Amino acid sequence: MSEASKVRCLIQQCVNARLQVVLADPEKNIQPDRGAVFFVCFLKEATETDVDKLAKTVLSVRLSQIDQSKPTSVLDLPGDILIIPQACIGGKMKGKMFQYHCNIDKQLGFDYYSKFVDLCKKYASEHPVWSSNANVKVLSGTYGIRQVYSTETNGPNLHLVEF
C-alpha cells in the first residue's frame, strides 16, 4: 500500500450479510441481500473530491456476477449495497503491531463517511437499472464503534480500491 494513499476501500460481493449497528443491542441489525459490501477508510490526505471519486469508482467497478455471466457493477446487477466504516484498513504494520497514524481525524472521518454514504445513495438512485428495482437498498454501518459482521459470499474475493 502506497504512502500517498488518501482512501482505501475493500469491496466484497455478498449473497447476504448481517451487520449489528448498535453495539449494546444485538437485535439492531441491517441485512442486505445479494450485492456488494464496501469497507471504507479515509486517510489524512483525503479530500471531499476523493470522497466523490471513491463513490463513483466503487459503484461502477465490474465485480458482480450471477452464475457464469460477465462481471457487472453492483448498480447494473442490481444489488444491495452495504457500507461499513473500517478504520483498521488504514493501519500500517510496525514490528508485530499495527499503527493508525495515517488515519484521518475522527470527526473529519465521520463527515467524509457520511458524505460517502449520501453520495452512494444519490448515485444509485440516479442509475436507471438500480433505481427501477424497488427491492434494492443502500445500507450503512455506524461510524466509530465496533460492529459485528457476518456474510455469505459466492467466493472469498476481496478487492482493494486505493488512491
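Summary of the structure given here.

Rules used throughout
- Residues numbered from 1 in each chain as written.
- Predicted model: local features only at pLDDT ≥ 70, side-chain atom pairs only at ≥ 80, totals over all residues.
- Heavy atoms only, no water.
- Pairing = 2+ DSSP bridges.
- Helix = DSSP H or I, 4+ residues; strand = E, 2+ residues; numbered from the N terminus.
- Axes fitted to C-alpha atoms, helices over the stretch in contact; angles between N-to-C directions.
- Polar contact = N/O pair within 3.5 Å; in protein donor to acceptor, adjacent residues only side chain to side chain.
- Contact = heavy atoms within 4.5 Å.
- Core = buried A, V, L, I, M, F, W, Y, C linked by side-chain atoms within 4.5 Å.
- Buried < 20%, exposed > 50% of the residue type's maximum accessible area, 1.4 Å probe, protein only.
- Expected span 1.5 Å × (residues − 1).
- Arc of directions from axis to C-beta.
- Salt bridge = Lys/Arg side-chain N within 4 Å of Asp/Glu carboxyl O.

### A few points about the sheet that holds strand β4 (residues 35-42)
Then comes step 1: Reading across the sheet, the five strands line up as β8-β5-β4-β1-β10 and stay open at both edges, with mixed pairing between neighbours. For this open sheet the edge positions go to β8 (138-140) and β10 (158-162), each flanked by a neighbour on one side alone. Each strand axis lies, on average, 20° off the axis of its neighbour in the sheet, ignoring direction.
Then comes step 2: In this structure, strand β5 (residues 80-85) lies alongside β8, joined through three bridges in parallel fashion. Bridging from a neighbouring strand, Ile-81 pairs with Val-138 of β8.

### Observations regarding the side chain of Gln-147
Then comes step 1: Along the chain, Gln-147 turns up in the loop between β8 and β9 (149-152).
Then comes step 2: Of note is the side chain of Gln-147, whose polar atom sits 2.8 Å from the backbone nitrogen of Thr-142.
Then comes step 3: Apart from residues lying up to four places away in sequence, Gln-147 is in contact with Leu-19, Gln-20, Val-21, Ile-84, Pro-85, Gly-141 and Thr-142.

### Structural notes on the nonpolar core
Burial of nonpolar side chains together is a common tendency in soluble globular proteins.
Then comes step 1: Residues Phe-38, Phe-42, Leu-54, Ile-81, Ile-83 and Phe-116 are the most contacted members of the largest nonpolar core, which totals 31 residues.
Then comes step 2: When contributions to this core are tallied by element, the ones reaching two or more residues are β1 (7-14), β4, α1 (48-60), β5 and α2 (106-126).
Then comes step 3: Tallying contributions element by element places α2 first for this core, with eight residues.
Then comes step 4: Excluding residues within four positions of it along the chain, Phe-38 makes contact with Cys-9, Leu-10, Ile-11, Val-58, Leu-59, Val-74, Ile-81, Leu-82, Ile-83, Ile-84 and Phe-116.
Then comes step 5: Counting ten residues, the second-largest nonpolar core is a separate cluster that includes Ala-17, Phe-39, Leu-82 and Leu-139.

### A word on the environment of Glu-152
Then comes step 1: Tracing the sequence through the fold places Glu-152 in strand β9.
Then comes step 2: When sequence neighbours within four positions are dropped, the list of residues in contact with Glu-152 reads Cys-14, Val-15 and Asn-16.

### Topic: α2
Then comes step 1: An ideal rise of 1.5 Å per residue puts 30 Å on 21 residues; α2 measures up with 30 Å between its terminal C-alpha atoms.
Then comes step 2: Buried within α2 are the following residues: Gly-109, Tyr-112, Tyr-113, Phe-116, Val-117, Leu-119, Cys-120, Tyr-123 and Ala-124. Angularly, the buried residues of α2 cover 165° about the axis, an arc narrow enough to put them on a single face.
Then comes step 3: Among the residues of α2, the N-terminal cap falls to Asp-105, whose side-chain oxygen and the backbone nitrogen of Gln-107 are separated by 3.1 Å.

### A closer look at the pattern of salt bridges
Then comes step 1: Considering all chains together, one arrives at six salt bridges under this definition.
Then comes step 2: With its nearest N and O atoms 3.7 Å apart, the salt bridge here joins Asp-50 to Lys-6. Of this pair, Asp-50 sits in helix α1 while Lys-6 sits in the segment before β1, placing them 44 residues apart in sequence.
Then comes step 3: Across the pair Asp-52 and Lys-56 runs a salt bridge whose closest N-O atoms are separated by 3.2 Å. Here Lys-56 and Asp-52 lie together in helix α1, a separation of four residues that amounts to about one turn.
Then comes step 4: Here Asp-52 falls in the partly exposed class, since its relative accessible area comes to 21%.
Then comes step 5: On the accessibility criterion, Lys-56 (46% relative accessible area) is partly exposed.

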